[in-house]
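# Geometric and topological summary
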Amino acid sequence: MRSGYIAVIGRANAGKSTLINVLVGEKVSIVSPKPQTTRDRILGVLTEDDYQLVFVDTPGIYKARNALTDMMMRTTEQSAKEVDFILYVLDGHEGVKDEEFELIEKYKALGIPMAIAYTKIDIMPKENIPLDMAKFADSGLDLDVFPISARKGKNIRALKEFLVSKMPEGEKMFEEEIVSDKSERFMISEIMREKILLKFEKEIPHGIAIVINIFRLGENGVYEINLDIVCERQNHKAILIGKQGKAIKEVSSFARQDMEKFLGAKVFLTTYVKVKEDWRDKPGLIREYGYEEFKD
């Protein structure tokens, strides 16, 4: 039996969460085209007869602009130090830049076995792939590089087999039926946040927190979910609600559909929009809204 922890590290929007969801075979992290989608350290667990891979989804590497993103970056740094393997996810569509090599060298210096997942090869010019592979060869980093497409499933099996081969001998760390360390309540709040990220533009989604007030299964088999959408400005609240409440009704409807799919039951969803100015720079509110810095 081989088992171990794999930190999935990379710049914001490199495709880390999508890759983990594909590797695990279930949705354990929300995804969107926007940076800062992942805020927490989330474990995705893949268990087979002879191995267990525990993927550590981390916040994307991003220049800290407030107390929340500063905490997120510290969580990423700490997570990278306490695993058996580091999988650095690089957005192939964006190309290999000098600053990427600097980041890769930084994590390689930790002395933990490491490889590169070169993602999004399905949406990039094919002629760019050998050019970027040549850059890796010339860099002197001496790391295995896997060009992959998580969305199309290209080279995912080869990457998975490679990761298994790098895991130490050991017993399972989680029971077979567990695919994540996060609760249903957490995933419900993330589904709501994902739909807001997908619907609204610019800065508004990044200033959103979701607070679950009620999460319970009724005797009729229907989940009652009552939640607050917390934003940072009054004008953001107006945009989130929309004219005659159209925007909030629409995004809530999309979220409810995914919640029902995730829970396998009907959902009665009630949403409210509240304002807490600059909450991302207030440690007390950050903790109140469920964001805790990961510490060993």
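Please refer to the structure higher up on the page.
Residues numbered from 1 in each chain as written. Predicted model: local features only at pLDDT ≥ 70, side-chain atom pairs only at ≥ 80, totals over all residues. Heavy atoms only, no water.

### Notes on the packing of aromatic side chains
Across all of its chains, the model carries six aromatic pairs by this definition. Considering the side-chain rings of F85 and F162, the 6.0 Å spacing of their centres and the 75° angle between planes classify their relative orientation as edge-to-face. Linking F85 in strand 4 (residues 85–91) with F162 in helix 5 (residues 156–166), this pair joins segments that are 77 residues apart in sequence. Across this residue pair, the class does not change: F85 and F162 are buried. (Phe/Tyr/Trp six-rings, centres within 6.5 Å; stacked < 30°, edge-to-face > 60°. Helix = DSSP H or I, 4+ residues; strand = E, 2+ residues; numbered from the N terminus. Buried < 20%, exposed > 50% of the residue type's maximum accessible area, 1.4 Å probe, protein only.)

### So, the pattern of salt bridges
Within this structure, the stated rule accounts for 16 salt bridges. A salt bridge links D91 to K120; its shortest N-O distance comes to 3.2 Å. Of this pair, D91 sits in strand 4 while K120 is found in the loop between strand 5 (114–119) and helix 4 (128–139), placing the two residues 29 residues apart along the sequence. Its relative accessible area of 9% is what places D91 among the buried residues. A salt bridge links D228 to K274; its shortest N-O distance comes to 3.3 Å. Linking D228 in strand 8 (residues 223–231) with K274 in strand 9 (residues 267–275), this pair joins segments that are 46 residues apart in sequence. Overall, K274 belongs to the partly exposed group, its relative accessible area being 43%. In the salt-bridge network here, residues are joined through shared partners; they are K27, E194, K195 and D258. (Salt bridge = Lys/Arg side-chain N within 4 Å of Asp/Glu carboxyl O.)

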